[in-house]
Each structure stands twice: as C-alpha cells, then as structure tokens.
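Chain by chain, the residues:
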Amino acid sequence: MSEFSQRAVTIREVAAAAGVSIGTASKALNGQGRLREETRARVIAAAERLEFRPNKLAQGLLHGRTFTVGLVTCDSFGRFSIPVMLGAEDALGAGQISVFMCDTRDDPIREQHYVERLLARRVEGIIVTGRRTEPRPSIGTGLPVPVVYAMTQSTEPADFSVIPDDLGGSLLAVRHLLATGRRRVGHITGPQRFLAARTRAAGFADALAEAGATAAGETLFGEWSEEWGRQGADILLRTQPDVDAVFCGSDQIARGVAETLRDRGRRIPDDVALVGFDNWAPMALGSRPPLTTVDMNLGEIGRAAATHLLDVIGGVPHQGGVRRMPCSLVLRESTRA
C-alpha cells in the first residue's frame, strides 16, 4: 500500500505528480476542457498511482448538485417522523445524500419559511412527513425540485404519497385473533375524526364479516391514550362481559386496556387476547404481557419515499398517486394460543 493510501489524496498532489496545474488536473479528471490526450492520460495515470478518490460532493457542485434533500415534518415528538427519516436515510445513503430536517410545529407559515430556506440551500428534493395520514395541502406546485410525502398524503393528485395500509393491518390483527379461536372480539380505538381510526375500524368490521363473526358491541372511539384504553375497557366489560379478545387502534390504548383487564381479574391472553397497533416499543414491550401488535413498517415507508425521490432526481418520469405500504403483525405473549 502506498504512503498516499493512508490518508485522502488531494487533487493538488495529483497535479504535482503529473506536472500540471490544479485546474488542468481537475479538467482531466472530470472530462472537461480542451486538453491534449497525452496530458489527460498522464493526469489519470497519476491519480490511479496515488489511489486518488475524488470528492463526490465537490464533483456534484461542479455539475450543480448539492447531494442534500430536505425533510419537512410537523411531528415534533418524532414518534413517526424519526423512523421514517431513518428509513429515508438508508435509501439516500447509497447515493451519499444528506438530509436537512425541519420541524414546522404544525405552523403553515413556519412550513413555508422552511420550504423557502431549503430551496435557497439548493436541496435536490423534499420529503414531507407527519404524524397523521390525513390528506394535507401540498407544500406547493411547480417547485423547482421533486417532492414526496411519507406517513401523510397530499391533496394534490399529481403528488406522490406513501402511507401505511391501515386497512390491511387491521385485517391481519383480527384474522389472527379469530385463528386463535376467539369469537367475541371488541374494538377500542382513537378519535373518529382521524382517518387512521376510521380505516382501522373498517378493517376490523371487514375481517369479522368475511369470517361470519359478530363484533362484541360497537366500535368504541375515544382518544389515543392509555387513559382512554382503561375507560374503553371498562365500558366493554360492562356491556359485553363475554368478550374474549380486544383489537385496539394503538399500543397506548392497548396498554390501558391491559391494566383494566388485570384489575378486573381477566387473564391475558387466557381469558382475553389483546392486539395493539403501531409496534411502539416502549408501549408494546412495556405492557404486561408484551403486546402482539401491528407494525406500520415506518422505515419501509421512508425508504420507499426516498427511493421514489432518487428516481425522479435521476430522471425517471414522476408519477403521482398514493402508495400504501403493507403492515406486518408482530406476535407476542398477549395473544398466545
């Protein structure tokens, strides 16, 4: 191994070894300018001998590239945006592209400010993410860079959005409960004004209908909280004392349900099986017993959004629409057969 391979070789050293100026060496290595073939070959030979590795960012800047994208989020807590961002970085990392993350705090004016600042930084694309799958206004049409939406969707049909398949996730959960022999399944979920709550409730009803089963009472809509889980479980046990399974719209709700079931002497899963939604580790693993739950695969959502963005940046024609990414079921002790 040469002495130069121990550290990053500079273009100045390549130029010196080839006996040319730095400008000439740069032109030779980037295939630019009018140079004699002998000179170009001498520079390339020197670069190979010294094991020179060009700075990709500097190369990109010569061609008007910055190797950066912006990520605009309203999820201050990071519960959903951080896993999405990590997935996006996995996909972008292959192209050595960095991510600027901007938190809008649900403020449209702040959001517009960040979009303008990202464009001023000459980012090559923007990923918009959030904590709800509700359709939201586009950050702008006719922008000079491509935009994709992840864990949220744009009201503009021409925009490309990636969201979890909440309906499919609910089908997985309820089919699993029925497969373990449960027949009186209740559903406790979040606010009815949320698209996710309504969609998961629809999946719950569809799964029961296809199996010819009947729900244990009506779907109970409330809040995304442990407290509502405790209250909802109390209502369900009073009105449907023979319930033998509960599908919850979130892990937080499921953890509250688990507390009330224990307080009422109902064993999980012997008497009542329990399934959550989100696969949020602090809730799912902290519950007693650990929760079987639906994983929205947020990292995959981020990867899919970033891959689409890279394709468009690379020249692939942009396609609008909504892509729903499959969820998966993570089995734990709360539904043990």
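In what follows, the structure referred to is the one given above.
The structure contained in this document is the topic of the report that follows. This one's a predicted model, so the numbers in the text were calculated from it and none came from an experiment. (Residues numbered from 1 in each chain as written. Predicted model: local features only at pLDDT ≥ 70, side-chain atom pairs only at ≥ 80, totals over all residues. Heavy atoms only, no water.)

### Thoughts on the overall build of the protein chain
- In terms of helices and strands, the protein chain carries 12 helices and 14 strands.
- Whereas a compact globule of 337 residues would reach a radius of gyration of roughly 20 Å, the protein chain reaches 27 Å, over 25% beyond that.
- Structurally, the protein chain occupies a C-alpha span of about 90 × 45 × 30 Å along its principal axes.
- The buried share among the 337 residues of the protein chain stands at 47%.
- When contacts within the protein chain are restricted to residue pairs at least 6 apart in sequence, long-range pairs at least 24 apart make up 70% of them.
- Total accessible area on the protein chain is roughly 16000 Å²; 52% of this is exposed by carbon and sulfur atoms.
- If the 40 positive side-chain charges of the protein chain are averaged to one point and the 39 negative ones to another, these points end up 5 Å apart. (Helix = DSSP H or I, 4+ residues; strand = E, 2+ residues; numbered from the N terminus. Rg over C-alpha atoms; globule rule 2.2 N^0.38 Å. Buried < 20%, exposed > 50% of the residue type's maximum accessible area, 1.4 Å probe, protein only. Contact = heavy atoms within 4.5 Å. Areas by Shrake-Rupley, 256 points an atom, 1.4 Å probe, with all protein chains shown as cover. Lys, Arg positive; Asp, Glu negative; His and termini not counted. Charge placed at Lys NZ, Arg CZ, Asp CG, Glu CD.)

### Re the pattern of salt bridges
- A complete count under the given rule lists 14 salt bridges for this structure.
- Note that Arg-303 is salt-bridged to Asp-90, the shortest N-O span being 2.8 Å. Here Arg-303, found in helix H12 (residues 298-313), pairs with Asp-90, found in helix H5 (residues 81-93); they are 213 residues apart in sequence, far enough to count as distant.
- The exposure class assigned to Arg-303 is partly exposed, which follows from its relative accessible area of 27%.
- One salt bridge in this structure joins Glu-210 and Arg-175, with 2.5 Å as the shortest N-O distance. Linking Glu-210 in helix H8 (residues 195-211) with Arg-175 in helix H7 (residues 166-179), this pair joins segments that are 35 residues apart in sequence.
- Judged by relative accessible area, which is 40%, Arg-175 ranks as partly exposed.
- Overlapping salt bridges bring together Asp-90, Glu-300 and Arg-303 as one network. (Salt bridge = Lys/Arg side-chain N within 4 Å of Asp/Glu carboxyl O.)

### A short note on the side chain of Ser-81
- For Ser-81, the position within the fold is in helix H5.
- The exposure class of Ser-81 is buried, given its relative accessible area of 0%.

### Points about unusual backbone geometry
- With omega at 5 degrees, the peptide bond leading from Ile-268 into Pro-269 counts as cis.
- Here Pro-269 is to be found in the loop between helix H10 (251-263) and strand E11 (273-277).
- Backbone torsion omega between Arg-288 and Pro-289 reads -5 degrees, so that peptide bond is classified as cis.
- For Met-151, which is not a glycine, the phi torsion comes out positive at approximately 65 degrees.
- We classify Met-151 as buried; its relative accessible area is 3%.
- At Asn-279, a position not held by glycine, the phi torsion is positive, near 55 degrees.
- Secondary-structure assignment places Asn-279 in the loop between E11 and helix H11 (281-284).

### Description of the sheet that holds strand E13 (residues 321-325)
- Reading across from one edge, E2-E1-E3-E5-E7-E13 is the order of the six strands in this open sheet, with parallel pairing throughout. Of all strands in the sheet, those with a lone pairing partner are strand E2 (98-103) and E13, marking the two edges. Across the sheet, the mean angle from the axis of one strand to that of its neighbour is 20 degrees, orientation sign disregarded.
- For strand E1 (residues 68-73) and strand E3 (residues 126-129), the ladder comprises four bridges, and the chain directions are parallel. Each bridged residue has a counterpart across the sheet, and for Leu-71 the counterpart in E3 is Ile-127.
- Along the sheet face, H5 touches E1, E2, E3 and strand E5 (147-150) and points at about 160 degrees away from the line of E2. (Pairing = 2+ DSSP bridges. Axes fitted to C-alpha atoms, helices over the stretch in contact; angles between N-to-C directions.)

### Let's talk about the packing of H5 against H12
- At a closest axis distance of 6 Å, the pairing of H5 and H12 adopts a crossing angle of 45 degrees. Considered as vectors, H5 and H12 are oriented oblique to each other. Once H5 is placed against H12, the crossing between them reads as right-handed. Here H5 contributes Pro-83, Val-84, Gly-87, Ala-88, Asp-90, Ala-91 and Leu-92 to the contact with H12, which in turn contributes Leu-298, Gly-299, Gly-302, Arg-303, Ala-306, Thr-307 and Leu-310. (Parallel < 35°, antiparallel > 145°, perpendicular 65-115°, else oblique. Left-handed = near helix turned anticlockwise from the far one by under 90°.)

### Considering helix H6 (residues 108-120)
- Taking 1.5 Å as the rise per residue, H6 with 13 residues should run 18 Å; its terminal C-alpha atoms sit 18 Å apart, in good agreement.
- Those residues of H6 not exposed but buried are Glu-111, Val-115 and Leu-118. For H6, the angular spread of the buried residues around the axis is 65 degrees, confining them to a single face. Summarising the geometry of H6, the exposed residues directed more than 90 degrees from the buried face are Ile-109 and Ala-120.
- The secondary structure elements touched by the buried residues of H6 are E1, E2, E3 and strand E4 (135-136).
- Between the side-chain oxygen of the N-cap and the backbone nitrogen of Ile-109 there are 3.0 Å, and the N-cap of H6 in question is Asp-107.
- Within two residues after H6, Arg-122 carries a phi angle of roughly 65 degrees, on the positive side. (Expected span 1.5 Å × (residues − 1). Arc of directions from axis to C-beta. Polar contact = N/O pair within 3.5 Å; in protein donor to acceptor, adjacent residues only side chain to side chain.)

### Points about the pairing of E3
- Both faces of E3 are covered, namely the face carrying Ile-126 and Val-128 and the face carrying Ile-127 and Thr-129.
- Where E3 meets E5, four bridges bridge the pair, whose relative direction is parallel. Note that in E5 the partner of Thr-129 across the bridge is Ala-150.

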